[in-house]
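Chain residues, written in single-letter form:
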Amino acid sequence: MPDTPAATQRSRVRVPLRFQDGYAVDAELVTFHGLLDGQEHVAVVLGDPAPGTVALVRLHSECLTGDVFGSARCDCGPQLREAVERIAERGGVLLYLRQEGRGIGLYNKLDAYALQDQGLDTYEANAALGLPEDDRDYTAAAQMLRALGITELDLLSNNPDKAGQLRDQGISVQLRVPTGVFTTDHNVRYLRAKVLQTHHTLPLGELTEARA
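Residues numbered from 1 in each chain as written. Predicted model: local features only at pLDDT ≥ 70, side-chain atom pairs only at ≥ 80, totals over all residues. Heavy atoms only, no water.

What is the right way to read the packing of aromatic side chains from this model?
Each aromatic ring pair is characterised by the separation of its centres together with the angle its planes make. Evaluation of the coordinates by the stated rule reveals 1 aromatic pair. Centre to centre, the rings of Phe19 and Tyr23 are 6.1 Å apart; their planes meet at 40°, and the pair counts as tilted. Looking at Arg73, its charged tip hangs above the ring of Tyr113, at a distance of 4.2 Å from the centre. Sitting above the plane of the Phe19 ring, Arg81 keeps its charged end 5.5 Å from the centroid. (Phe/Tyr/Trp six-rings, centres within 6.5 Å; stacked < 30°, edge-to-face > 60°. Lys NZ or Arg CZ within 6 Å of the ring centre and 35° of its normal.)

Set out below in structure tokens:
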């Protein structure tokens, strides 16, 4: 396990969350001192785990287009909405990580979209721009979890890399719990690429090609 400096909690504030479909839940938002990447990541604490159970945790990378504007080119917005409710029911934390575009930033992500419109998949588009396929590092996420007193968890994710990186940081990921499958006519190629290129646990047979 790397000798990673400890982060500390900076502030906690209660925030009522209200979603467009009417779902509502109260959360605590936690900010931190000492995160190695210097980003303003936020922990969203939801519910209380039952005695003898571990927290359910999701590492959710920021997606302005999906989370805020409802873009149908990805599944980020529906995953965020699902995660909040599932974590609130079980008890745990959603880490909202400032890693737009798998870490390449908003402008680069939109440039990659333009290349995808020419036929490249999401990973090929990043490579064509001279950028990593996935530039996310979850060291800060592990720091945040330790600052919250969480060293054992079930991870709500289809992405094996997230679990692997957390384990490398000494966090015990007991189970990786898959998210739902949120397909649109505009994101099927994107989801298929995640299965084929980075081994996301999505049912490939359900990801049929988009309608013309």
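Read on for the rest.
Hey, could you run me through the nonpolar core in this one?
A general tendency of soluble globular proteins is for nonpolar side chains to be buried together. Counting residues in hydrophobic clusters, the biggest one holds 27 residues, and the most contacted among them are Leu59, Leu95 and Leu166. Residue assignment for this core shows that the elements contributing at least two residues are β2 (24–33), β3 (42–46), β4 (55–61), β5 (92–97), α5 (139–147), β6 (152–156) and α6 (160–168). Considering every element that reaches this core, the biggest residue donor is α5, with 6 residues. Residue contacts for Leu95: discarding those within four places in its chain leaves Val42, Ala43, Arg58, Leu59, His60, Ala141, Met144 and Leu145. In this structure, Leu46, Ala83, Ala88 and Leu94 belong to the second largest nonpolar core, which totals 16 residues. (Core = buried A, V, L, I, M, F, W, Y, C linked by side-chain atoms within 4.5 Å. Buried < 20%, exposed > 50% of the residue type's maximum accessible area, 1.4 Å probe, protein only. Helix = DSSP H or I, 4+ residues; strand = E, 2+ residues; numbered from the N terminus. Contact = heavy atoms within 4.5 Å.)

Help me understand the sheet that holds β6 in this model?
The strands making up a sheet associate through backbone hydrogen bonding, with each pair oriented either parallel or antiparallel. The 7 strands are arranged β1-β2-β3-β5-β4-β6-β7 in an open sheet whose pairing can be described as mixed. Either end of the sheet is taken by a strand with one partner, and the two such strands are β1 (8–18) and β7 (172–177). Going across the sheet, the axis of each strand differs from the next one's by a mean of 30°, ignoring polarity. Sheet topology places β4 next to β6; 3 bridges connect them, and they run parallel. The residue of β6 that forms the bridge with Leu56 is Asp154. Its contacts with the sheet put helix α2 (residues 76–90) on β1, β2, β3, β4, β5, β6 and β7, and the angle it makes with β4 is roughly 160°. (Pairing = 2+ DSSP bridges. Axes fitted to C-alpha atoms, helices over the stretch in contact; angles between N-to-C directions.)

How should the pattern of salt bridges be read in this particular structure?
Pairing between side chains of opposite charge can happen when the charged atoms of each approach one another. Under the defined criterion, the tally for this structure stands at 10 salt bridges. A salt bridge links Glu100 to Lys109, with the shortest nitrogen-to-oxygen separation between them at 2.5 Å. Salt bridges sharing partners connect three or more residues here, namely Asp21, Arg81 and Glu85. (Salt bridge = Lys/Arg side-chain N within 4 Å of Asp/Glu carboxyl O.)

Would you take a moment to explain helix α3 (residues 106–116) for this structure?
Side chains that are three or four residues apart share a direction in an α-helix, a result of its 3.6 residues per turn. Where α3 is concerned, the buried positions are Lys109, Ala112, Tyr113, Leu115 and Gln116. Angular distribution of buried residues about the axis of α3 spans 160°; they occupy a single face of the element. (Arc of directions from axis to C-beta.)

Got a minute to help me understand α2 in this structure?
With 15 residues, α2 should reach 21 Å at 1.5 Å per residue; the first-to-last C-alpha distance of 21 Å fits that figure. Among the residues making up α2, those that are buried are Cys76, Gly77, Gln79, Leu80, Arg81, Glu82, Ala83, Val84, Ile87 and Ala88. Gly91 lies just past α2 and shows a positive phi near 100°. (Expected span 1.5 Å × (residues − 1).)

Help me understand the side chain of Glu62 in this model?
Its place among the elements puts Glu62 in the loop between β4 and α1 (64–68). Within the local environment of Glu62, its side chain forms a polar contact with the side chain of Arg98, the two groups lying 3.0 Å apart. If we ignore the near neighbours within four places in the chain, the residues touching Glu62 are Asp67, Tyr96, Leu97, Arg98, Gln99, Glu100 and Gly101. (Polar contact = N/O pair within 3.5 Å; in protein donor to acceptor, adjacent residues only side chain to side chain.)

Explain a nonpolar patch on the surface to me, please; I cannot follow it from the model alone.
A contiguous nonpolar patch, built from Leu64, Val68 and Phe69 and spanning about 310 Å² of accessible area, is present on the exposed surface. With respect to the element layout, Val68 can be found in helix α1. (Patch = residues over 30% accessible without salt bridge, like charges linked within 9 Å, V, L, I, M, F, W, Y side chains within 5 Å. Areas by Shrake-Rupley, 256 points an atom, 1.4 Å probe, with all protein chains shown as cover.)

Is there a simple way to explain the environment of Tyr113 in this structure?
Tracing the chain through its elements places Tyr113 in helix α3. Along the primary structure Tyr113 and Ala125 are separated by 12 residues, whereas in three dimensions their C-alpha atoms are 7.5 Å apart. Aside from chain neighbours lying at most four places away, what touches Tyr113 is Thr65 and Arg73.

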